[in-house]
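Read off the chains here:
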Amino acid sequence: MTTTPDAKPRGTRLPRMARRRQLLSAAQEVFVENGYHAAAMDEIAERAGVSKPVLYQHFPGKQELYLALLDLHVDDMITRCRDALASTTDNKQRVQAAIGAFFDFVSEQGEAFRLVFESDLRNVAPVRQRIERNLRESAEMISQVIQEDTGCSSDEAHLLGVGLVGMAEVSARYWLSSGGSIPKDAATQLMARLAWRGISGFPRTS
């Protein structure tokens, strides 16, 4: 096989977790560049600077490698949302922080955010389950705050949480795809103002 310019030299022994991170990093590059179906395990191994047997020692197949990447990014997005909600007790600032978490995610992850938000494998059950977990857990965290502070029922709060997550995700993706002509902080504030004008209309319970 011809060595690609981005391939890493072989021969370095790494601890198992360090090797796993290296393989995931190489796989992410290849998946983002080529898409899942065109990505080849040979290219991923070459990009990582390892033999195919080493790659298969860690991941038995391409789908397992893709799912491991999805888990990393979904966990990252959920953690960002959780940290945003915990960063303040002021609900107006919470809304801005939560929306900012989505804008930060798409801007900091490069094209890798497409693995979570625009995967071409949504019809594959294990992939769909992970993508849905991102929406479900983020929406549940937001809906819990809404329910605690308003008179909304559990179902109403959950619907509002799903709506806020959907708005944050779609607007962040559009902002990035349009070239970020509006500065990220200004775009975040703009969407947060829209969201807050709606959610703040619900009466507080205390």
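Keep in mind that this is a model prediction, so the values were computed, not measured. (Residues numbered from 1 in each chain as written. Predicted model: local features only at pLDDT ≥ 70, side-chain atom pairs only at ≥ 80, totals over all residues. Heavy atoms only, no water.)

Topic: the overall build of the protein chain
Here is the rule: Only DSSP runs of H or I reaching four residues or more are called helices, and only runs of E reaching two or more are called strands; each is numbered from the N terminus. Relative accessibility decides the category of a residue: with a 1.4 Å probe and only protein chains considered, values under 20% of the type maximum give buried, values over 50% give exposed, and everything between is partly exposed. Should any heavy atoms of two residues lie within 4.5 Å, those residues are considered in contact. Values of accessible area rely on a 1.4 Å probe in the Shrake-Rupley scheme; residue burial ignores everything except the protein chains shown.
If you tally the helices and strands in the protein chain, you get nine helices and zero strands. Helices and strands appear in the protein chain in the N-to-C order α-α-α-α-α-α-α-α-α. With the C-alpha coordinates aligned to their principal axes, the bounding extent of the protein chain is approximately 65 × 35 × 30 Å. For the protein chain, buried positions account for 42% of its 206 residues. Across the protein chain, contacts joining residues at least 24 apart in sequence account for 67% of those joining residues at least 6 apart. When the accessible surface of the protein chain is summed, it comes to about 10,900 Å², and 52% of that surface belongs to carbon and sulfur atoms.

A few points about the pattern of salt bridges
For clarity, the threshold we go by: The salt bridge definition used is simple: a Lys or Arg side-chain nitrogen within 4 Å of an Asp or Glu carboxyl oxygen.
Tallying each qualifying case throughout the model produces 13 salt bridges. Of the charged contacts in the structure, one is a salt bridge between Asp76 and Arg80, with a shortest N-O distance of 3.2 Å. With a gap of four residues between them, Asp76 and Arg80 both fall in helix α4 (residues 62-86), about one helical turn apart. Under the relative-accessibility criterion, Asp76 is labelled partly exposed at 23%. We classify Arg80 as buried; its relative accessible area is 19%.

Looking at the packing of aromatic side chains
This is how it is decided: In summary, the pairing rule links any two rings of Phe, Tyr or Trp, Trp by its six-membered ring, whose centres are within 6.5 Å, and it sorts them by plane angle into stacked for under 30 degrees, edge-to-face for over 60 and tilted for everything else.
What the rule picks out here adds up to seven aromatic pairs. Ring centres of Phe31 and Tyr36 lie 5.8 Å apart, and the angle between their planes is 15°; this geometry places the pair in the stacked category. Taking relative accessible area as the criterion, Phe31 reaches 4% and is therefore assigned buried. You can call Tyr36 buried: its relative accessible area is 11%. Here Tyr36 and Tyr66 contribute two aromatic rings whose centre-to-centre distance is 5.2 Å and whose plane-to-plane angle is 75°, an arrangement assigned as edge-to-face. With Tyr36 in the loop between α1 (16-34) and α2 (41-48) and Tyr66 in helix α4, the pair connects residues that are 30 residues apart, well separated along the chain. Given a relative accessible area of 3%, Tyr66 falls into the buried group.

A look at the UniProt feature "DNA-binding region" (unreviewed entry) in the protein chain
Spelled out, the test is: UniProt positions are given in the numbering used here, feature names are shortened, and annotations may be inferred rather than shown by experiment.
Following the UniProt record, the feature "DNA-binding region" (unreviewed entry) maps to residues 40-59 here. This span, residues 40-59, is 75% helix and 0% strand, and a straight line between its end C-alpha atoms measures 13 Å.

A closer look at the environment of Tyr36
Residues Tyr36 and Glu46 lie 10 residues apart in sequence; the distance between their C-alpha atoms is 17 Å. Filtering out sequence-adjacent residues up to four positions away, Tyr36 remains in contact with Phe31, Lys62, Gln63, Tyr66, Asp120 and Leu121.

A look at the packing of α4 against helix α7 (residues 125-149)
Counted only if it meets this: Each axis is a line fitted through C-alpha atoms, and for a helix only the stretch in contact is used; angles between axes span 0 to 180 degrees, taken between their N-to-C directions. Here is the rule for angles: anything less than 35 degrees is roughly parallel, anything more than 145 is roughly antiparallel, 65 through 115 is roughly perpendicular, and the remaining ranges are oblique. Residue polarity is assigned by list, with Asp, Glu, Lys and Arg as charged and Ala, Val, Leu, Ile, Met, Phe, Trp, Tyr, Cys and Pro as nonpolar; anything else, Gly included, falls into the polar class.
Where α4 meets α7, the axes come as close as 10 Å, and the angle between the chain directions of the two elements is 5°. What the angle tells us is that α4 and α7 run roughly parallel. Between α4 and α7, the contacting residues are Gln63, Tyr66, Leu67, Leu70, Asp71, Val74, Asp75, Met77, Ile78, Cys81, Arg82 and Leu85 on the first element and Pro126, Val127, Arg130, Arg133, Asn134, Glu137, Ser138, Met141 and Ile142 on the second. In the contact of α4 with α7, the residues fall into 12 nonpolar, three polar and six charged.

Details of the nonpolar core
As a reminder, the rule being used: In plain words, nonpolar cores are sets of buried Ala, Val, Leu, Ile, Met, Phe, Trp, Tyr and Cys residues tied together by side-chain atoms within 4.5 Å.
Among the nonpolar cores identified, the biggest contains 58 residues, and Phe31, Ile44, Leu55, Leu65, Tyr66, Ile99 and Phe117 are the most heavily contacted of them. Residues contacting Phe31, with those up to four places away along its chain left out, are Tyr36, Ala39, Ile44, Lys62, Leu65, Tyr66, Leu69 and Leu115.

Considering the environment of Ser87
Cut-off, in case you're wondering: The definition of a polar contact used here is a pair of N or O atoms within 3.5 Å, where within protein one atom must be able to donate a hydrogen and the other to accept one, and adjacent residues in sequence count solely through side-chain atom pairs.
Residue position: Ser87 is located in the loop between α4 and α5 (91-108). Remark: the alpha-carbon pair of Ser87 and His73, spanning 14 residues in sequence, is separated by 21 Å. Here Ala84 takes part through its backbone oxygen, which lies 2.6 Å from a polar atom of the side chain of Ser87.

Topic: the environment of Arg47
Considering the arrangement of structural elements, one finds Arg47 in helix α2. Each C-alpha atom of the pair Arg47 and Asn34 lies 13 Å from the other, and the pair is 13 residues apart in sequence.

Some points on the UniProt feature "domain: HTH tetR-type" (unreviewed entry) in the protein chain
Here, the residues flagged by UniProt with the feature "domain: HTH tetR-type" (unreviewed entry) are residues 17-77. Along residues 17-77 one finds 80% helix and 0% strand; the C-alpha atoms at either end are 21 Å apart.

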